[in-house]
Amino acid sequence: MDAAWARIRGRLRAEVGEAEYRTWLRQLTLAGVEGEEAIVHVPSRFLRDWLRGQYGDRLRALWQAEGLGVRRVDIRVASGGGDPLPAAAPGPVAEPALAEPLTEPLAATRPAGEARAEPPKPSPEARGAEARGDWAAPLDPRFTFDSFVVGKPNEFAHACARRVAEKPNSPGFNPLFLYGGVGLGKTHLMHSIAWAIRAPQGGGAGRSVAYMSAEKFMYRFIAALRSQSTMEFKESLRSVDVLMIDDLQFLIGKDNTQEEFFHTFNALVDQGKQIVVSSDKPPSDLAGLEDRLRTRLGCGMVADIHATTYELRISILEAKAVSAGVPVPPKVLEFLAHKITSNVRELEGALNRLIAHANLFGRPVTLESCQDVLHDVLRAHDRRVTIEEIQKRVAEHYNIRLTDMSSARRARNVARPRQVAMYLAKQLTSRSLPEIGKKFGNRDHTTVMHAVSRIAELMQGDAGFAEDVELLRRMLET
Ligand code: ADP
Ligand code: MG
């Protein structure tokens, strides 16, 4: 028996890898075999539950494969094995101290290093909620498809989100992986999908949706470990129809939570359930996420939300001003859309401040009041781009020499990029036309003026060219 046990341990070690083995499996000892049952001891209840959940089946299979008549494995806490001290337990609980206080009774955690004799027990209501598969993190009622403004940068992601909301688990759309920079609408789209699926007339009438941030997933997982309810945790998660995890990048470096997510993910996909994930990067760039997880994440639909364009910013501002019911002059909207280019959240924040201010003082929103109320925000967003940077970027982009920005050459292939650079210098800096002219080989201010209007004209007539210039502008602005 001891030889068989040694072989089984050797196999497990090879299968799970050294680190995992040392964290979880090394402390298993064979207490004996009684009839068809092998009895394995572990030092704590905590470990027992974890091992039962994670390795119970595998252990049984390995024993059966030994052909010694063992059909069951009982993992028990060795007598004298006290209750687990969460801080001393291996693995997930040794993860970095959690930064945020938790509001939910279920997600009981405390800073690492602070030991307790008893793991916290979740309240009966919380346990009940979990057992019902009631995973819903509250959805923001403002984040629906109706209030999502669609434009070039997000139309693909939006279309994918719609599709999944209307028909979960469509071929090619599972998992749906949405990614994009901060404040560009990932969470908004995720909530929209969840609302739509939950709506009685939605694509998933009667389906259960679990939406949560990756951070929350981790808290819940750790809490389940501590309260010895990992089985409930697993079961309730695996019983949902749609699992949505927001900000997956949070799982980077959280190996045990990642592992758990991976298993949940696979279990759900195997059952034909829909997964939706968001992240700030595409799967391929999520360094620190296990390869197999990255691979699986990338094998459905990957859709990115690009940085906003001026047009989208205007549309969003218009929509928000209308829904706030406060008249905002177009000049103000244009001003904001030009000035606040970082993301939608900041744009929205600025508009909300303007509106709040107008309501508070009973005054209309004007360009002056806008500059006044938002002076701090606007200063932070002041473009500090220099003419030199613009010349450099534009020269790189069109593959001409930097010196041609100030040279006298008039060939179209250098003259046009030079004009683009002048145009951008006028748009993005507060330099005057003569100042700009000076930086471009001492050209006259009328030359700059001509370049600016020529480029504007070309952009009007040629969408491809306009896009090119917009792209340069965006690169320079960020
Ligand atoms: P992310 O999750 O990508 O960081 P959010 O979804 O939280 O961004 O969006 C930030 C804010 O901007 C939210 O208030 C959201 O409603 C708003 N927002 C983002 N994109 C749009 C859009 N296309 N239309 C309307 N509102 C948007
Ligand atoms: Mg978000």
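See the structure above.
This report concerns the structure included in the present document. The model shown is predicted, which means the values in this text are computed figures rather than measured ones.

Conventions we followed
- Sequence order sets the numbering: in each chain, residues are counted from 1 along the sequence as written.
- The order in which chains are written sets their letters, starting at A; the order in which ligands are written sets their numbers, starting at 1.
- Local features in this predicted model are restricted to residues whose pLDDT is 70 or higher, and side-chain atom pairs enter the listing and the counts only when it is 80 or higher, whereas totals over whole chains, interfaces and linings include all residues.
- Hydrogens and waters are ignored; side-chain quantities use all the structure's heavy atoms.
- Side-chain rings of Phe, Tyr and Trp, where Trp is taken by its six-membered ring, are said to pair if the distance between their centres is within 6.5 Å; with planes under 30 degrees apart they count as stacked, over 60 as edge-to-face, and otherwise as tilted.
- Strands are runs of DSSP state E lasting at least two residues, helices are runs of H or I lasting at least four, and both sets are numbered from the N terminus onward.
- Between buried and exposed lies partly exposed: a residue is buried under 20% and exposed over 50% of the maximum accessible area for its type, with that area taken using a 1.4 Å probe on protein chains only.
- Here, a charge over a ring means that NZ of Lys or CZ of Arg falls within 6 Å of the ring centre while also lying within 35 degrees of the ring normal.
- Think of a nonpolar core as a cluster: buried Ala, Val, Leu, Ile, Met, Phe, Trp, Tyr and Cys residues, connected wherever their side-chain atoms sit within 4.5 Å.
- In this analysis, two residues are considered to be in contact whenever any of their non-hydrogen atoms come within 4.5 Å of each other.
- When DSSP finds two or more bridges between a pair of strands, those strands are recorded as paired.

**Points about the packing of aromatic side chains**
Piece 1. Taken as a whole and judged by the stated rule, the model has six aromatic pairs.
Piece 2. Both rings, one in F217 and one in F261, keep their centres 5.7 Å apart while their planes meet at 85°; by these two values the pair is edge-to-face. With F217 in helix α7 (residues 214-226) and F261 in helix α9 (residues 255-270), the pair connects residues that are 44 residues apart, well separated along the chain. For the pair F217 and F261, a shared accessibility class is recorded, and that class is buried.
Piece 3. An aromatic cluster of at least three residues, connected via ring pairs, comprises F217, F221, F233, F261 and F265.
Piece 4. When the ring centre of F145 is taken as reference, the NZ or CZ atom of R162 above it lies at 4.4 Å.
Piece 5. Between the NZ or CZ atom of K254 and the centre of the ring of F250, over which it lies, the distance is 4.2 Å.

**Examining the nonpolar core**
Looking at soluble globular proteins, one finds that nonpolar side chains tend to be buried together.
Piece 1. Counting 28 residues, the largest nonpolar core has I390, V394, V420 and L424 as its most contacted members.
Piece 2. For this core, the secondary-structure elements that each account for two or more residues are α16 (387-398), α17 (412-428), α18 (433-439), α19 (445-461) and α20 (463-477).
Piece 3. Setting aside its immediate chain neighbours within four residues, I390 contacts V385, A421, L424, A425, L428, T429 and L476.
Piece 4. One finds A214, L225, F262 and V277 within the second-largest nonpolar core, a separate group that totals 27 residues.

**Considerations on the pairing of strand β8 (residues 301-305)**
Piece 1. Residues M301, A303 and I305 line the buried face of β8, whereas the alternating positions V302 and D304 sit on a face that is not buried.
Piece 2. Summarising the sheet, strand β4 (residues 176-180) and β8 pair through five bridges and their orientation is parallel. Bridging from a neighbouring strand, L176 pairs with M301 of β8.

**Focus on the pairing of strand β5 (residues 209-213)**
Piece 1. Burial analysis of β5 places four of its five residues in the buried class, which makes it a mostly covered element.
Piece 2. Sheet topology places β5 next to strand β6 (residues 242-246); five bridges connect them, and they run parallel. By the bridge assignment for β6, Y211 is matched with M244.

**Describing unusual backbone geometry**
Piece 1. Geometrically, the link from N174 to P175 is a cis peptide bond, its omega value of -5° lying close to zero.
Piece 2. Counting through the fold element by element, P175 comes out in the loop between α5 (155-166) and β4.
Piece 3. One non-glycine residue with positive phi stands out, namely Q228, at about 55°.
Piece 4. Along the chain, Q228 falls in the loop between α7 and α8 (230-238).
Piece 5. You will see that N399, though not glycine, has its phi angle at about 60°, which is positive.
Piece 6. With respect to the helices and strands, N399 occurs in the loop between α16 and α17.
Piece 7. Residue N399 is classed as exposed on the basis of its relative accessible area, which comes to 70%.

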